[in-house]
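# Structural description and commentary
Next come the chains, spelled out residue by residue.
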Amino acid sequence: MSSAPTVDTIRLAPQTGAHVRLAPGDVLTIVDPMGVQVSDLFSVSTDDVAEVLSSGRSIDFENTVRFTTGARLWSNRSRPMLTIVEDTCESNDFLLTPCSQQTFDILYPDFGGAPHPSCFANLADALAPHGVDPDRIGTAFNIFMNVWADDLGELHIDPPKSVAGDRLSVRAEMDLHVAITACSAEKSNGGVCKPIDYSVVRAG
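My aim in this report is to walk through the structure given alongside it, one point at a time. (Residues numbered from 1 in each chain as written. Predicted model: local features only at pLDDT ≥ 70, side-chain atom pairs only at ≥ 80, totals over all residues. Heavy atoms only, no water.)

## Observations regarding the overall build of the protein
Looking only at helices and strands, the protein has three helices and twelve strands in total. Radius of gyration (C-alpha) of the protein: 16 Å, near the 17 Å computed for a compact globule of 204 residues. Across its three principal axes, the protein shows a C-alpha extent of roughly 60 × 35 × 35 Å. Across the 204 residues in the protein, those meeting the buried criterion constitute 48%. Nonlocal contacts in the protein, meaning residues at least 24 apart in sequence, comprise 75% of its contacts between residues at least 6 apart. Of the roughly 9,600 Å² that the protein leaves accessible, carbon and sulfur atoms contribute 51%. (Helix = DSSP H or I, 4+ residues; strand = E, 2+ residues; numbered from the N terminus. Rg over C-alpha atoms; globule rule 2.2 N^0.38 Å. Buried < 20%, exposed > 50% of the residue type's maximum accessible area, 1.4 Å probe, protein only. Contact = heavy atoms within 4.5 Å. Areas by Shrake-Rupley, 256 points an atom, 1.4 Å probe, with all protein chains shown as cover.)

Okay, here's the thing in structure tokens:
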């Protein structure tokens, strides 16, 4: 009788990122271990890093801005990259770009222009060794992020609805380089940046 595969969980420290290589059928699981913490995800094809995750294509083809179990995340070449196979929180964002130094300089001037960790920098650092230019990194899939629009269309960012142990799993539909973060923006995480856990179950 075969045993279940051993799955190692890796913890991302607050305001850091990591790279994960996925083959078709591999399942990546992102867990919020403490609650109220966002994780940004961005993916590129290993065959051609010019094929990247596309928020616009995904919203078009899935006909939704509320991505949860069963939804696919598409590339800029109109091919499915990832399928969400589990989502215990059901609150994710695919509208806002990853926080960058400019985010803090322009939107949060109370930081006084000081250097600040950012999801954009962490995604770029994770993907750079694999030939991905920072300009290729567009809108990330913001797991557990709580973004909503009021009747006038203004966007609001509230603390994530995730509680300790909430998880989201995606299945790779092609060979991928995936970068993930423990989000660096205090406002997106209830005022305090916390860790993120992740693990991969390999197909076969």
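Continuing now.
## With respect to the packing of aromatic side chains
Tallying each qualifying case throughout the model produces five aromatic pairs. With 5.2 Å between their ring centres and 85° between their planes, F67 and F94 make a pair best called edge-to-face. With F67 in the loop between α1 (55-62) and β5 (72-74) and F94 in the loop between β6 (80-87) and α2 (101-107), this residue pair connects regions lying 27 residues apart in the sequence. For F67, a relative accessible area of 2% corresponds to the buried category. Ring centres 5.3 Å apart and planes at 70° place the aromatic pair F94 and F141 in the edge-to-face group. On the criterion of sequence distance, the pair formed by F94 in the loop between β6 and α2 and F141 in strand β7 (residues 141-143) is long-range, its members being 47 residues apart. Here F94 matches F141 in class, with each residue buried. An aromatic cluster is defined as three or more aromatic residues linked by ring pairs; in this entry it consists of F67, F94 and F141. (Phe/Tyr/Trp six-rings, centres within 6.5 Å; stacked < 30°, edge-to-face > 60°.)

## Comments concerning the side chain of S188
Its location among the elements puts S188 in the loop between β11 (176-181) and β12 (196-201). The class for S188 is buried, based on a relative accessible area of 4%. Not counting the four nearest positions on each side in its chain, S188 is found in contact with V38, M145, I157, D158, P160 and C183.

## Some words on the nonpolar core
Soluble globular proteins tend to bury their nonpolar side chains together. Grouped together as the largest cluster of nonpolar side chains are 42 residues, with contacts concentrated most on L22, L28, L41, L82, F141 and I180. Once residues within four sequence positions are removed from consideration, L41 is found in contact with L28, L53, L82, A140, F141, I143, V170, V178, A179 and I180. (Core = buried A, V, L, I, M, F, W, Y, C linked by side-chain atoms within 4.5 Å.)

## Topic: α1
For α1, the set of buried residues is S55, S58 and E62. Looking straight down α1, one finds its buried side chains confined to an arc of 65°; they lie on one side. Where α1 is buried, its residues touch β5. Looking one or two places after α1, you find N63, whose phi comes out positive at around 55°. (Arc of directions from axis to C-beta.)

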